[in-house]
Amino acid sequence: MIKAVLFDFAGTLFGRPTTRWLSPPHLSVLRAPAPYVARMNAAERAVWDARDLTPLANRSAYWTLFRLAGLTMPDSLFQRLHDPAYWLPYPDAASALAVARPLKVGVLSNISWDIRSVFSRESLSVDAFALSFEIGVSKPSARAFEAACVRLDVAPSECLYVGDDPVSDGAAVSAGLQFAQIATAPVGRREPVLLEALARHGIN
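Quantities reported herein were computed from a predicted structural model and do not represent experimental measurements.

Peer 1: Help me get a handle on the overall build of the chain, residues and values and all.
Peer 2: Summing up its helical and strand segments, the chain has 10 helices and 7 strands in all. For the chain, the C-alpha radius of gyration of 17 Å lies close to 17 Å, the compact-globule estimate for 204 residues. Taking the contacts inside the chain whose residues are at least 6 apart along the sequence as the reference set, 63% of them involve residues at least 24 apart. Entry remark: accessible area of the chain is about 9500 Å², with carbon and sulfur atoms responsible for 55%. Once the 20 positive and 19 negative side-chain charges of the chain are each reduced to a mean point, those two points are 5 Å apart.

Okay, structure coming up:
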């Protein structure tokens, strides 16, 4: 029996606007970093894997990523990546959080900065946040999902995770949670997929 719903943050509840907020080459690298990650040496890859655990690791990881792509990372770009103003709720986010009640509701995110202010700005309330830079572990580790379940005081088998990444979010299944995968796109282009995802698991 599902007693709690955990949501991913980026690409699930919140996303980027369709208006251009960085150059097309930078955006292309962010959307498809794998070729450049593959060129990282062992030390750089270790920092990349830990990029959501500290702000310093995050800055270093993305500096290396863009360098390998032949791009620079000015301070203004890094600040945009972590600026609440550049994160907007998907139109179906509020209704999905409302429908998930009266179950417990939380957010588990690989993130190196505090996203609570983004939720406060939009008057969106959840019961608990499990942010990688605070819990010291990131998805797809089972420990991240377990930490989030502890914060909601539910067993993994009693929790549904909703996210867009089949690898990092899909690891919820290995941790014992149920998983609802959604398609994603920039804010303004994505279909209202969250309510359908919840309904597939009997939450409506």
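Peer 1: How would you sum up the packing of aromatic side chains? Please name residues and give values.
Peer 2: Inspection of every chain in the model, using the stated rule, returns 9 aromatic pairs. Ring centres of phenylalanine 9 and tryptophan 113 lie 6.5 Å apart, and the angle between their planes is 85 degrees; this geometry places the pair in the edge-to-face category. With phenylalanine 9 in the loop between strand S1 (4-7) and strand S2 (14-15) and tryptophan 113 in the loop between strand S4 (104-109) and helix H7 (116-121), the pair connects residues that are 104 residues apart, well separated along the chain. Residue tryptophan 113 is classed as buried on the basis of its relative accessible area, which comes to 11%. With 6.1 Å between their ring centres and 40 degrees between their planes, phenylalanine 9 and phenylalanine 119 make a pair best called tilted. One end of the pair, phenylalanine 9, is in the loop between S1 and S2; the other, phenylalanine 119, is in helix H7, and 110 residues separate them in sequence. Judged by its relative accessible area of 0%, phenylalanine 9 falls in the buried class. Members of the aromatic cluster, each reached through a chain of ring pairs, are Phe9, Phe14, Trp87, Trp113, Phe119 and Phe129. Between arginine 51 and the ring centre of tryptophan 48, over which it is positioned, the NZ or CZ distance is 4.0 Å.

Peer 1: A description of unusual backbone geometry should follow, citing residues and the corresponding values.
Peer 2: The omega torsion across arginine 101 and proline 102 is 10 degrees, close enough to zero to call that bond cis. Summarising the element assignment, proline 102 is placed in the loop between helix H6 (93-99) and S4. Cis rather than trans, the peptide bond between lysine 139 and proline 140 has omega equal to 15 degrees. For proline 140, the location among the structural elements is in the loop between helix H8 (132-135) and helix H9 (142-152).

Calculation criteria
Residues numbered from 1 in each chain as written. Predicted model: local features only at pLDDT ≥ 70, side-chain atom pairs only at ≥ 80, totals over all residues. Heavy atoms only, no water. Helix = DSSP H or I, 4+ residues; strand = E, 2+ residues; numbered from the N terminus. Rg over C-alpha atoms; globule rule 2.2 N^0.38 Å. Contact = heavy atoms within 4.5 Å. Areas by Shrake-Rupley, 256 points an atom, 1.4 Å probe, with all protein chains shown as cover. Lys, Arg positive; Asp, Glu negative; His and termini not counted. Charge placed at Lys NZ, Arg CZ, Asp CG, Glu CD. Phe/Tyr/Trp six-rings, centres within 6.5 Å; stacked < 30°, edge-to-face > 60°. Buried < 20%, exposed > 50% of the residue type's maximum accessible area, 1.4 Å probe, protein only. Lys NZ or Arg CZ within 6 Å of the ring centre and 35° of its normal.

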